Amino acid sequence: MVRPVPTLILTEQEVLLALSGGLAELGALGGSLAGPAGAVGGASGARAGARVAKLDGRRRDWSSPLPETVLDRLRLALGEPHEWRTETPEGERTALVGVVGSGAMSMNPCVIEVLHHPLGVQLAAHAREGLIKQRTCEKALERIEREVLGPTP
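In this text, all values refer to a predicted model and were calculated from it rather than measured experimentally. Per-chain numbering applies: the sequence of each chain, read as written, is numbered from 1 onward. Totals for whole chains, interfaces and linings use every residue, but because this is a predicted model, local features are given only for residues with pLDDT of at least 70 and side-chain atom pairs only at 80 or more, for both listing and counting. No hydrogens and no water enter the side-chain calculation; it runs on all heavy atoms of the structure.

Colleague: Is there a simple way to think about the overall build of the protein in this case?
Modeller: Numbering of helices and strands runs from the N terminus, with a helix taken as a DSSP run of H or I at least four residues long and a strand as a DSSP run of E at least two residues long. Helix and strand content of the protein: four helices and five strands. Beginning at the N terminus, the succession of helices and strands in the protein can be written as α-α-β-α-β-β-β-β-α. Contacts between residues were defined by any pair of non-hydrogen atoms, one from each residue, lying within 4.5 Å. Counting contacts in the protein only where the partners sit at least 6 residues apart, residues at least 24 apart contribute 60% of the total.

Put into structure tokens, the structure is as follows:
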């Protein structure tokens with residue numbers, strides 16, 4: 001079952017645009033093997049497919065105080081995320097947003113939102129799921145947890 005998750009930082013429209021762009025890039029990359037015309041066709045087909053697939057989402061809350069190095073490891077896991085910092089009465093809040101590959105062979109783009117605050121970290125993942133469910137969001141969050149928190153015993 002596809003379950004949309006409320007966003008932490010972005011609007012739903014911003015998530016959809018990021019996913020559409022990510023899918024178009026992957027389609028163009030695959031199509032480029034057939035030359036320039038293939039790249040254009042691949043991007044167009046992927047963009048059209050992105051509009052048909054349903055938005056899926058998952059969320060994780062790490063609700064224990066975490067060391068500052070967690071943010072550094074999250075930045076690495078997300079590649080080159082966009083970052084915002086705000087000061088609140090409770091302390092500094094940092095937001096990160098990135099797109100990672102997930103699903104089968106890491107070919108599905110997944111938008112990851114991270115909100116780091118004094119009480120812990122909230123993560124939300126958003127992806128498009130087609131007819132064949134690849135658990136894109138779930139796999140992306142599991143991989144990030146392994147990379148950031150380490151293997152679970």
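Back to the text.
Colleague: When you look at unusual backbone geometry in this model, what are you seeing that I'm missing?
Modeller: Of all residues except glycine, most have a negative phi; of all peptide bonds, most are trans. Of note, Arg135 is a non-glycine position whose phi angle comes to about 55°, a positive value. Here Arg135 shows up in the loop between strand E5 (120-129) and helix H4 (136-149). We call a residue buried when its accessible area falls under 20% of the maximum for its residue type, exposed when it is over 50%, and partly exposed in between, using a 1.4 Å probe and counting protein chains only. Take Arg135: its relative accessible area is 43%, and that puts it in the partly exposed class.

Colleague: Quick question: what am I supposed to make of the sheet that holds strand E3 (residues 91-102) here?
Modeller: By this definition, two strands are paired if DSSP reports at least two bridges between them. With antiparallel pairing, five strands are arranged side by side in an open sheet as E1-E5-E4-E3-E2. Two strands bound the open sheet, and with one partner strand each, they are strand E1 (54-62) and strand E2 (82-88). When the angles between neighbouring strand axes are averaged without regard to direction, this sheet yields 15°. Pairing analysis gives nine bridges linking E1 to E5, with the strands arranged antiparallel. Following the sheet pairing, Trp62 is matched in E5 by Val121. A fitted line through C-alpha atoms represents every axis, and for helices the fit uses only the stretch in contact; the resulting angles, taken between N-to-C directions, go from 0 to 180 degrees. Its contacts with the sheet put helix H3 (residues 69-77) on E1, E2, E3, strand E4 (108-117) and E5, and the angle it makes with E3 is roughly 25°.

Colleague: For this particular structure, what's the right way to read the packing of H3 against H4?
Modeller: If you want to describe how two helices pack, look at the angle between their axes and the distance between the axes. At their nearest, the axes of H3 and H4 sit 9 Å apart, and the two run at 135° to each other. Classed by the angle they form, the pair H3 and H4 counts as oblique. Seen along the crossing, H3 lies across H4 with a hand that is right-handed. Taking contact as the criterion, the partners of Val70, Arg73, Leu74 and Ala77 in H3 are, on H4, Arg143, Ile144, Glu147 and Val148. When its residues are assigned to classes, the contact of H3 with H4 shows five nonpolar, no polar and three charged. Each angle receives one of four descriptions, namely roughly parallel if under 35 degrees, roughly antiparallel if over 145, roughly perpendicular if within 65 to 115, and oblique otherwise. By convention the crossing between two helices is left-handed if the near helix lies anticlockwise of the far one by an angle smaller than a right angle, and right-handed if it lies clockwise. Charged means Asp, Glu, Lys or Arg here, nonpolar means Ala, Val, Leu, Ile, Met, Phe, Trp, Tyr, Cys or Pro, and polar covers whatever is left, Gly included.

Colleague: I'm lost on the pattern of salt bridges in this one. Help?
Modeller: Opposite charge on two side chains permits pairing when their charged atoms draw close. Each salt bridge in this description consists of a side-chain nitrogen of Lys or Arg and a carboxyl oxygen of Asp or Glu lying within 4 Å of one another. As enumerated under the stated definition, the model contains 11 salt bridges in all. Note that Glu83 and Arg75 form a salt bridge whose closest N and O atoms lie 2.8 Å from each other. Residue classification places Glu83 among the partly exposed residues on the basis of a relative accessible area of 32%. Here Glu83 and Arg85 are joined by a salt bridge, their closest N and O atoms 3.3 Å apart. Classification of Arg85 by relative accessible area gives partly exposed; the value is 43%. Linked through salt bridges whose partners overlap, the residues forming this network are Asp56, Arg58, Arg60, Glu138 and Glu145.

Colleague: When you look at H4 in this model, what are you seeing that I'm missing?
Modeller: For the α-helix, the turn length of 3.6 residues means that residues three or four positions removed from each other point alike. Between its first and last C-alpha, H4 extends 20 Å over 14 residues, near the 20 Å set by a 1.5 Å rise per residue. Buried within H4 we find Thr136, Cys137, Glu138, Ala140, Leu141, Ile144 and Val148. Of the residues one or two after H4, Gly150 is the one with positive phi, at around 95°. A helix is expected to reach a length of 1.5 Å times the quantity of its residues less one.

Colleague: Would you mind showing me how to read the pairing of E2 here?
Modeller: Residues in a regular strand point their side chains to alternate faces of the sheet. By the bridge criterion, seven bridges tie E2 to E3 in an arrangement that is antiparallel. Its bridge partner lying in E3, Thr88 is registered against Gly91. Taking the residues that link successive antiparallel strands as the turn, the E2-E3 hairpin has two residues.

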